[in-house]
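Read off the chains here:
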Amino acid sequence: MADDTRTLEPVHSGAGPAYKDGNVMRWLAAYTLSILGDSIYFMALGWAANRIAGPAEVGLIVASGAVPRALLMLGGGVIADRFGPRRVVISSDAVRFAVIAAAAATLALTPGHVWLLITVALVFGAVDAVFMPAVGALPPKISTPDQLVRIQGMRALAVRGGNTMGPPLAGFAMGTAGPAAAFALAAVLFGVSLLLLLTVRLRTDERPPETDEPTRETSARRDLVEGLVFVRRHRLIGPLVLAAALSELGFAGPLNIGFVFLTSERGWGAAGMGWIVAGFGAGAAVSALVLTVLGRLPRAGYVLIATTLVTSACIALFPVVPELGPTVAVASLAGLMGGIAGGLAHALIQTATDPAYLGRVTAVTSLTALGLAPLTFPAFGALVSYGGVATAFLAGGVLSAIGMIVCLASPAVRKAELA
């Protein structure tokens, strides 16, 4: 199993907080630019599709990239572990830059075609399936375990900032020179991200141990099975991955489409939905700041259980709150508690994961949010149709609460601490 042994240099992570570590900050800057580029790319893809295709084809183009991302995500984790996350993240980011730059040039010179946009979406989704497990597996290899909570908080801030700034920047670029300009802007961001990733170095203690035994050759399929078995059998990681998946699936429907139904039923309109989403975003941003500043929380396992419980209760209570103001407050609380729970879960998982499995474990956790969560949207919509908004939100809250029960039933999770 190869790793980035030629990139190992003395990296003095752990001498202070992660936000004072230049190596970590270069990774964070690269990750932030990547998130920003992703946001601009998706906006540009939808806009370009709308200019040349009908509504059904637009939906097909935008959704087509999700298919290879979901199907190949676990394989991307195997690749990250086989060849080393740094090498894989640099290679895949280079391909993303090349694909989007080529798309920008093509759209600037031609009117664009449906087949072209579908091809771009499919290729980008496939490369994303490799990039995301690799970039997510890097933090334990560039810093020390005591800084992982801070890094998760910083990562959450990057996601929040990138997703907030991306749409206005995409709109400005498209308003200035059309979708080609937005694709070009995304390509530039991916290019700068790539240059920053080239400067990120692994810790010296990440060098694989020297041995006289020959390297055991394994198939990709066997590596994948071994990774899944590792997750299932680990007394801490297994329950945490399952709990995080249940919580994500329970919250995905209410957050992404549930607020549309709720605000429509209450007559609050688009402005009301905007306030609710803004409240959730503010709470999530505060949670990221809390994790970044504190660096760790005592009795992390019990804090994770408690925050997941509060988040689950908030989901179920949304339809019960009669006024817009209190609903925004509940959304803020859900964002705060959910952000803390998610950050702690990721930090605990990465701290406990054997370095040889980091890519595969990261792929499993990423698959839930990016591949499986969207599948709950039709089920949530059906619940709204047949049982009403309150029933659908209650089901989401219950599913999230089951994740909390999984944690509560696990002694390893209850006793979990972060260094």
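On a predicted model such as this, the values are computed, not experimentally measured, just so you know. (Residues numbered from 1 in each chain as written. Predicted model: local features only at pLDDT ≥ 70, side-chain atom pairs only at ≥ 80, totals over all residues. Heavy atoms only, no water.)

Visitor: Give me the overall build of the chain: which residues, what numbers.
Guide: Of the regular secondary structure elements, the chain holds 17 helices and zero strands. A globule of 419 residues ought to have a C-alpha radius of gyration of about 22 Å, and the chain, at 21 Å, matches this closely. Principal axes of the C-alpha set define a box for the chain whose edges measure 70 × 60 × 40 Å. Buried residues in the chain amount to 51% of all 419 residues. In the chain, of all internal contacts separated by at least 6 residues, the share reaching a separation of at least 24 is 88%. Here the chain displays about 18,100 Å² of accessible surface, and carbon together with sulfur accounts for 69% of that area. Seen as two clouds, the 28 positive and the 23 negative side-chain charges of the chain have centres 3 Å apart. (Helix = DSSP H or I, 4+ residues; strand = E, 2+ residues; numbered from the N terminus. Rg over C-alpha atoms; globule rule 2.2 N^0.38 Å. Buried < 20%, exposed > 50% of the residue type's maximum accessible area, 1.4 Å probe, protein only. Contact = heavy atoms within 4.5 Å. Areas by Shrake-Rupley, 256 points an atom, 1.4 Å probe, with all protein chains shown as cover. Lys, Arg positive; Asp, Glu negative; His and termini not counted. Charge placed at Lys NZ, Arg CZ, Asp CG, Glu CD.)

Visitor: With reference to specific residues and values, describe the side chain of Arg 96.
Guide: Along the chain, Arg 96 turns up in helix H4 (residues 85-109). Classification of Arg 96 by relative accessible area gives buried; the value is 1%. Looking at Arg 96, its side chain comes within polar contact range of the side chain of Asp 93, at 3.2 Å. Excluding its chain neighbours within four sequence positions, the residues that come into contact with Arg 96 are Ser 34, Asp 38, Phe 124, Val 127, Asp 128, Phe 131 and Phe 190. (Polar contact = N/O pair within 3.5 Å; in protein donor to acceptor, adjacent residues only side chain to side chain.)

Visitor: Tell me about the pattern of salt bridges, residues and numbers included.
Guide: Counted under the stated rule, the structure contains seven salt bridges. The shortest N-O distance in the salt bridge between Arg 360 and Asp 81 comes to 2.7 Å. One end of the pair, Arg 360, is in helix H14 (residues 358-372); the other, Asp 81, is in helix H3 (residues 66-83), with 279 residues separating them in the sequence. With relative accessibility at 4%, the residue Arg 360 sits in the buried group. (Salt bridge = Lys/Arg side-chain N within 4 Å of Asp/Glu carboxyl O.)

Visitor: Any details on the nonpolar core? Residues and values, ideally.
Guide: As a rule of thumb, nonpolar side chains are buried together in soluble globular proteins. By size, the foremost hydrophobic cluster in this structure holds 57 residues, and its most contacted members are Trp 27, Val 89, Leu 240, Leu 304 and Leu 344. For this core, the element with the most residues is helix H13 (residues 324-352), which contributes eight residues. For Leu 240, the contacting residues outside a window of four places in its chain are Leu 304, Ala 345, Leu 348, Ile 349, Cys 407 and Val 413. (Core = buried A, V, L, I, M, F, W, Y, C linked by side-chain atoms within 4.5 Å.)

Visitor: Any details on the packing of helix H10 (residues 237-266) against helix H11 (residues 269-294)? Residues and values, ideally.
Guide: What describes two packed helices is the angle between their axes and the distance between those same axes. Where H10 meets H11, the axes come as close as 8 Å, and the angle between the chain directions of the two elements is 150°. Overall, the two elements H10 and H11 adopt an arrangement that is roughly antiparallel. Handedness of the H10/H11 crossing: right-handed. Each of Phe 251, Leu 255, Phe 259, Val 260 and Thr 263 in H10 lies in contact with H11, whose residues at this interface are Gly 269, Gly 272, Met 273, Ile 276, Val 277 and Phe 280. Of the residues that constitute the contact of H10 with H11, the class distribution is eight nonpolar, three polar and no charged. (Axes fitted to C-alpha atoms, helices over the stretch in contact; angles between N-to-C directions. Parallel < 35°, antiparallel > 145°, perpendicular 65-115°, else oblique. Left-handed = near helix turned anticlockwise from the far one by under 90°. Nonpolar A, V, L, I, M, F, W, Y, C, P; charged D, E, K, R; others polar.)

Visitor: Summarise unusual backbone geometry; cite the residues concerned and give the values.
Guide: Phi angles above zero are rare outside glycine, and Arg 299 is one such case at about 50°. Looking at where Arg 299 falls in the secondary structure, it is placed in the loop between H11 and helix H12 (300-317).

Visitor: Any details on a nonpolar patch on the surface? Residues and values, ideally.
Guide: On the surface, Val 67, Leu 71 and Leu 72 cluster together into a nonpolar patch covering about 300 Å² of accessible area. Inspection of the secondary structure assignment puts Leu 72 in helix H3. What makes Leu 72 partly exposed here is its relative accessible area of 41%. (Patch = residues over 30% accessible without salt bridge, like charges linked within 9 Å, V, L, I, M, F, W, Y side chains within 5 Å.)

Visitor: Can you break down the packing of aromatic side chains residue by residue, with the values?
Guide: Per the counting criterion, the structure on display carries 13 aromatic pairs. With centroids separated by 4.3 Å and ring planes inclined at 0°, the aromatic side chains of Phe 230 and Tyr 357 adopt a geometry described as stacked. Taken together, the residues span a long stretch of sequence, with Phe 230 in helix H9 (residues 220-233) and Tyr 357 in the loop between H13 and H14 at a distance of 127 residues. One exposure class covers both Phe 230 and Tyr 357, and it is buried. Here the aromatic cluster, defined as three or more aromatic residues joined through ring pairs, consists of Tyr 41, Phe 42, Phe 124, Phe 183 and Phe 190. Directly above the ring of Phe 131 sits Arg 96, whose terminal nitrogen or CZ lies 3.9 Å from the centroid. (Phe/Tyr/Trp six-rings, centres within 6.5 Å; stacked < 30°, edge-to-face > 60°. Lys NZ or Arg CZ within 6 Å of the ring centre and 35° of its normal.)

Visitor: How would you summarise H3 if you had to cite specific residues and measurements?
Guide: Between its terminal C-alpha atoms H3 stretches 24 Å, which fits the 26 Å expected from 18 residues at 1.5 Å a residue. At Met 73, H3 shows its largest bend, some 50°. Along H3, the positions that sit buried rather than exposed are Pro 68, Arg 69, Met 73, Gly 76, Gly 77, Val 78, Ala 80 and Asp 81. (Expected span 1.5 Å × (residues − 1). Bend = angle between axes of the 7 residues up to and from the residue.)

Visitor: Quick one: what's the story with the environment of Leu 157, residue by residue and with numbers?
Guide: Tracing the backbone shows Leu 157 in helix H7 (residues 148-177). Taking the relative accessible area as the measure of exposure, Leu 157 reaches 30% and is therefore partly exposed. Taking the C-alpha atoms as reference, Leu 157 lies 9.1 Å from Ser 287; in sequence the two are 130 residues apart. The contact partners of Leu 157, leaving out residues within four places of it in the chain, are Ala 285, Ala 288, Leu 289 and Thr 292.

Visitor: Describe the confidence of the model for the chain, naming the residues involved and giving the relevant values.
Guide: Looking at the chain as a whole, its pLDDT mean stands at 85, while 92% of the residues score no less than 70. Highest mean pLDDT in the chain belongs to H12 (94); lowest belongs to helix H2 (residues 55-64) (75). Note that residues 1-14 has pLDDT below 50 and, in this model, 54 contacts with residues that lie over four places away or in other chains. Taken as a whole, residues 207-215 scores under 50 in pLDDT and shows five contacts with residues more than four places along the chain or in a different chain. (pLDDT = per-residue confidence, 0-100.)

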